[in-house]
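A closer look at the structure
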Amino acid sequence: MTTFLEQLDKNRIPTSVAIIMDGNGRWAKKQGKNRVFGHQTGVESVDHVMEAAAGIGIKYLTLYAFSTENWNRPINEVNALMDLFVTAINSYLEKMLSHNIRMVIVGDIDRLSEKTRNNMQMAIDKTAGCTGMTLVLAISYSSRWEIVRAVKNIAAEVKDGKLNLDDIDDACFSNYLATKGIPDPDLLIRTSGELRISNFLMWQLSYSELYFTDVCWPEFREEQLYEAILDYQNRERRFGKTSEQLTK
Ligand code: FPP
């Protein structure tokens, strides 16, 4: 039997993949464990998926780790997640360096404690010279936060005469987003069977292919990533054009 990896067209690997890592809590409950156990196992999935993504040549992997709305979860869970992010990032560091993976963070990080921020910054600095895949962690992130911030910054620059109204277009607007310089996702994956975007990359997902799987994040590993990419490779991306125009 050929594996999903063997079936992949190595010349059509998506450049940019984003994942909504969902279902940690429900998966843990099903095992009779607490929610944090689900997040801990989810950390292992990140480890596997990051390495697999870099291995097949994905250039940007964006993971939704914590939304601005997640701040409203019970304080115990929020604190456990923040601690987990720091220990997880530290545990990935060696692998990131050996696999040439640069780590960046997008989100409203001013809401993180100084200690958490400093710990994360250390990994960002250490991997800054890596030129293979970029791992983008969306932490304290939401699209509405990002878009409102962009609008405010644009308005301020127009008011100060630094930006002309006529120069504002799609490309210009993208440069005011937290994801500046990161290509829009070719593929968005959401785990755990939920069919929502949940305030994630709403501008950037305009033409992304969407892939939903019932597998919960703690069980999403290499094989599930390859399966999603194989599904993506069977899609026709028309970007508003007709099928005939694409084959000309
Ligand atoms: C959603 O599942 C998951 C989260 C809010 C946290 C995701 C974080 C990790 C997997 C840790 C990864 C670590 C790094 C450093 C990226 P949920 O709790 O909403 O699940 P539920 O819908 O079943 O309740």
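In the block above lies the structure referred to throughout.
Here the structure is a predicted model, which is why all the values come from computation and not from measurement.

1. Some details on the packing of aromatic side chains
For the structure shown, the criterion picks out ten aromatic pairs. For the ring pair Y64 and Y141, a centre distance of 6.0 Å and an interplane angle of 80° mean the geometry is edge-to-face. Of this pair, Y64 sits in strand β2 (residues 60–67) while Y141 sits in strand β4 (residues 134–141), and the two are 77 residues apart along the sequence. Overall, Y64 belongs to the buried group, its relative accessible area being 7%. When the ring of Y64 is compared with that of F200, the centres are 4.1 Å apart and the planes differ by 10°; the resulting orientation is stacked. Highlighted residues: Y64 in strand β2 and F200 in the loop between β5 (187–190) and β6 (209–212), separated in sequence by 136 residues.

2. Here's the deal with helix α5 (residues 114–126)
Along an α-helix, a turn takes 3.6 residues, which lines up residues three or four apart on a common side. Compared with an ideal rise of 1.5 Å per residue, which puts 13 residues at 18 Å, α5 spans 18 Å between its outermost C-alpha atoms and is within 8% of the ideal. Turning to α5, its buried residues are T116, M120, A123 and I124. Projected down its long axis, α5 carries its buried residues within an arc of 105°, all on one side. For α5, exposure combined with an orientation more than 90 degrees from the buried face picks out E114, K115 and D125. Contacts made by the buried residues of α5 are with α4 (75–98), β3 (102–106) and β4.

3. Description of the sheet that holds β5
The six strands are arranged β3-β4-β2-β1-β5-β6 in an open sheet whose pairing can be described as parallel. Looking at which strands have only one partner, the edges of the open sheet turn out to be β3 and β6. Adjacent strand axes in the sheet meet at a mean angle of 20° when their direction is disregarded. Bridging between strand β1 (residues 16–20) and β2 involves five bridges; their strand directions are parallel. Residue pairing in the sheet places I20 in a bridge with Y64 of β2. Sitting on the sheet, α4 is in contact with β2, β3 and β4, with an inclination near 160° to β2.

4. Some details on the site of the ligand
Within the structure, the ligand sits among 21 residues, and D22, R26, R35, H39 and R73 are positioned closest to it. Within the backbone of N24, a nitrogen or oxygen atom sits 3.2 Å from an oxygen atom of the ligand. Look at the ligand: alone it shows 630 Å² of surface, and the protein chains cover 93% of it. Of all elements in the fold, only α2 (24–30), α3 (35–56) and α4 reach the threshold of two or more residues within the shell around the ligand. Of the residues that constitute the shell around the ligand, the class distribution is eleven nonpolar, six polar and four charged.

Basis of the calculations
Residues numbered from 1 in each chain as written. Predicted model: local features only at pLDDT ≥ 70, side-chain atom pairs only at ≥ 80, totals over all residues. Heavy atoms only, no water. Phe/Tyr/Trp six-rings, centres within 6.5 Å; stacked < 30°, edge-to-face > 60°. Helix = DSSP H or I, 4+ residues; strand = E, 2+ residues; numbered from the N terminus. Buried < 20%, exposed > 50% of the residue type's maximum accessible area, 1.4 Å probe, protein only. Expected span 1.5 Å × (residues − 1). Arc of directions from axis to C-beta. Contact = heavy atoms within 4.5 Å. Pairing = 2+ DSSP bridges. Axes fitted to C-alpha atoms, helices over the stretch in contact; angles between N-to-C directions. Near = heavy atom within 4 Å. Polar contact = N/O pair within 3.5 Å; in protein donor to acceptor, adjacent residues only side chain to side chain. Areas by Shrake-Rupley, 256 points an atom, 1.4 Å probe, with all protein chains shown as cover. Nonpolar A, V, L, I, M, F, W, Y, C, P; charged D, E, K, R; others polar.

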